[in-house]
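# Summary of structural features
Residues per chain, in single letters:
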Amino acid sequence: MRPLLFTTFLIALAWGTRVGAEPVVLRVIDETIEVDGKKVPTFGIVQPNGERGITVNQEEGFHVIVKNELSVPTSIHWHGLVLPNLQDGVPYVTQNPIPPGGQQEYKFPLVQSGTYWMHSHYGLQEQSLASAPLIITNKEELADREVVMMLSDFSFERPSEILDKLKRPDKPKKPMAGKEMAKPQAVKKPARVQVWDDSTQAFVATVEERSPVDIDVIYNALLANRRTLDDPEITKVSAGESVLLRIIAGATATNIFIDTGVLDAELLAVDGQSIQPMKGRFFQLALAQRIELRVNIPDQGGAFPILALGEGTTLQAGIVLGTEGAEIPKLSPKADVAAGALDNTQEIRLRASTPLPTKTVTRELPSPLGGNMMAYEWTINGWRYPNRESLNVKEGDRAEMIIVNNTMMSHPMHLHGHDFQVIEVDGKPIAGARRDTVLVPPGGTTKIQFDANNPGVWAYHCHIIYHLASGMFTVVKYEGADTRFWQPEKAASELNPEISPPEKP
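About the thresholds
- Residues numbered from 1 in each chain as written.
- Predicted model: local features only at pLDDT ≥ 70, side-chain atom pairs only at ≥ 80, totals over all residues.
- Heavy atoms only, no water.
- Core = buried A, V, L, I, M, F, W, Y, C linked by side-chain atoms within 4.5 Å.
- Buried < 20%, exposed > 50% of the residue type's maximum accessible area, 1.4 Å probe, protein only.
- Contact = heavy atoms within 4.5 Å.
- pLDDT = per-residue confidence, 0-100.
- Pairing = 2+ DSSP bridges.
- Helix = DSSP H or I, 4+ residues; strand = E, 2+ residues; numbered from the N terminus.
- Axes fitted to C-alpha atoms, helices over the stretch in contact; angles between N-to-C directions.
- Phe/Tyr/Trp six-rings, centres within 6.5 Å; stacked < 30°, edge-to-face > 60°.

This part is about the nonpolar core. In this structure, F62, W78, L81, I258, L321 and Y466 are the most contacted members of the largest nonpolar core, which totals 118 residues. Leaving out residues up to four positions away in the same chain, Y466 has contacts with L124, Q127, P159, I162, L163, L166, V217, Y219, A253, Y376 and W378. By size, the runner-up hydrophobic cluster in this structure holds 11 residues, among which are F257, V320, A339 and L342.

Moving on: the confidence of the model for the protein. In this model, the protein carries an average pLDDT of 92, and 91% of its residues clear a pLDDT of 70 or more. Contacts for the low-pLDDT stretch residues 172-184, under 50 throughout, to residues beyond four places or in other chains number 29 contacts.

The next point concerns the sheet that holds strand 1 (residues 24-35). The 4 strands are arranged 2-1-4-6 in an open sheet whose pairing can be described as mixed. Each end of this open sheet is capped by a strand with a single partner; those strands are strand 2 (38-46) and strand 6 (103-108). Within the sheet, the average angular offset between the axes of one strand and its neighbour, ignoring direction, is 25 degrees. As defined by bridge partners, strand 1 adjoins strand 2 across 9 bridges and the pair is classed as antiparallel. Within strand 2, the residue paired with I33 across the bridge is V40.

The next thing to look at is the sheet that holds strand 12 (residues 189-197). Strand order in the open sheet formed by 8 strands is 12-13-19-18-21-16-9-14, and the pairing between neighbours is mixed. If you trace the sheet from one side to the other, it starts and ends with strand 12 and strand 14 (221-224), each paired once. With direction set aside, neighbouring strand axes in the sheet form an average angle of 30 degrees. Of the pairings in the sheet, the one linking strand 9 (residues 145-154) to strand 16 (residues 242-249) comprises 7 bridges and is parallel in character. Residue pairing for strand 16: V147 is matched across the bridge by L245.

Glancing now at the packing of aromatic side chains. According to the stated counting rule, one finds 9 aromatic pairs in the structure shown. Seen in terms of ring centroids, W196 and F203 are 4.9 Å apart; in terms of plane orientation they differ by 65 degrees. Their pairing is edge-to-face. The burial state of W196 is the same as that of F203; both residues are buried. What links up through ring pairs into an aromatic cluster is the set F62, W78, Y106 and F108.

In this structure, strand 13 (residues 202-210) lies alongside strand 19 (residues 273-280), joined through 2 bridges in parallel fashion. Residue pairing in the sheet places F203 in a bridge with G280 of strand 19. In terms of strand pairing, strand 18 (residues 265-270) meets strand 19 through 5 bridges, oriented antiparallel. Counterpart to E266 in the pairing with strand 19 is K279. With antiparallel pairing between neighbouring strands as the criterion, strand 18 and strand 19 make up a hairpin whose turn holds 2 residues, including D271 at a positive phi of roughly 50 degrees.

Moving on: the environment of Q289. Within the element layout of this structure, Q289 appears in the loop between strand 20 (282-285) and strand 21 (290-296). Residue classification places Q289 among the buried residues on the basis of a relative accessible area of 4%. When the C-alpha atoms of Q289 and G396 are compared, they prove to be 27 Å apart, with 107 residues separating the residues in sequence. Residues in contact with Q289, not counting those within four places in the same chain, are I247, I248, A249, D271, R435, T437, V438 and L439.

Structure follows, in C-alpha cells:
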C-alpha cells in the first residue's frame, strides 16, 4: 500500500537483488464447492496446507513455485504487482503456459505492499474460481485485526458455453447463466446507487429511479470467500477493536458495491495504493479492483454484515463480523432492490496520498474502446486481439493514455506491470488515485499517466473475461523489449472447452 517512489535505475537494481525466502508452493487444483445445495466442480489455488493464496512480508520478497495439478495447461498472473516482465504469468505474452504436471518458479523483490490477488490468465479459467488473495504486509499497522473478503461471480453454466452463447450470431437475447434475459427496456426502475453526501462528507447509498444496467451475464450467485450469503463466513472480532477489511473484486463480469451497514468506514487504499482517507458506508468496487476499509466495532459488540451487491442485479454476498455471543442474522443471497450502475461518483473524489511527480508527457497513447454486440467482438484502437499491433513506449517516457469508451458498457481496464494515476475524468482534471485497474463508464473518457520505467511487453486489457476473450486486449511494448514469448497467433488455443471444469449438475 506504500507509494512507488523508485526510479528506473532503482527498479533495475531491485530486480538484481537476491530474494532469500524459502519458496511457497501454490497448487492449482480441481475442487468442489456447494452452491444452492448442489456440488459443482471448480478450480482452486492453494498451498499444501490448504491455505488459499498467500500472505507475504514485503521485506522477504516474492518466491513462489506454481504446480499445475490440473489436466489442462494454466498460468497464474500476480495482479497489480510491479515485477520483472517475464515473471508476470501471462501465457503467450510473458511465458508459455504451465503444462499439466508442470511447475514454474517466480522469484523477485517486492516494491509494494497492500491488497493484491492472483488468478489464472489462461483462457476462461478465472471464471471457474482459479483465483486467490495475494496480501503483501509491511511494518505499518492500520488496524487491530485484518480480514480478507474475496468476491466471485458464479454460474452453473460452463464458461465456454456462456461465451458461445454471447458469440452466437442468431441469439435473439443475451444469455444469463442458463436462462434468457429480456432486452433491457428504457423504463426506469428503483436501484440502489452510491451518492456523495455533502453534509456528512461521506459516500452513502440511496434508492433512485435508474435505467437498467447493460450487462452481459446474469449469474446464479455471488460468492464471498467462495460461500453464498445463506452460509456466510463468520469472523470473530472483539468489541471496541478496529478492523481492516481487504476486499478483492475477483469476479469475472460483475462490478460490485460494498455496503458496511451500520458501521462507518474509512476508505484508506485502492488497488494497494494509499489515498487520502474518505468516509462512507457504501463504496464502488469495479471487478479486478481492491479496496481497504477500516471499521471500528462498537463497544457494545454485535454482529455486523459486510455485504457485496452485484451491479445490475439483486445478487449479494458477504461476511459477518461478530463478537462473542452475538446473534448472527439470517441473510438472503437476494437483495430487495437491484443495484444500479457504477459510475465516477467515487473516482472523481479520490486523491492519491503520493501523486506521481510532475513531468512533461513524452508519449501519448490513444486507447479508444469499441464493440459490436451482435457479433460480440470488442476492440482497442479498432483492433480485435489477437494481432501484432501494440501501444509503444520508450524507457523513460512519461506516458499518457487516453481511454475513450465508445460502447454502451463499462470496461474495467487493467495495465500490467505498472501503477498509473488517474489525472482526468470526462474532461475534469484531478490528482486522482494511483491504480492498476480503472473503470471507464459507457461513453466516458478517462486519462491516466504512468512512468515507462519497467521494460517489457505488458498486457493491457478489459478485465471482463468475455470482453478480453473476444478481442479487448493489447500490449504496451517497450522499444527493444524481449518479445520471445509474445505469440498472439497462439492466443486462440486457450479458448478450448476443456479448460473449464468438465461437468455441471
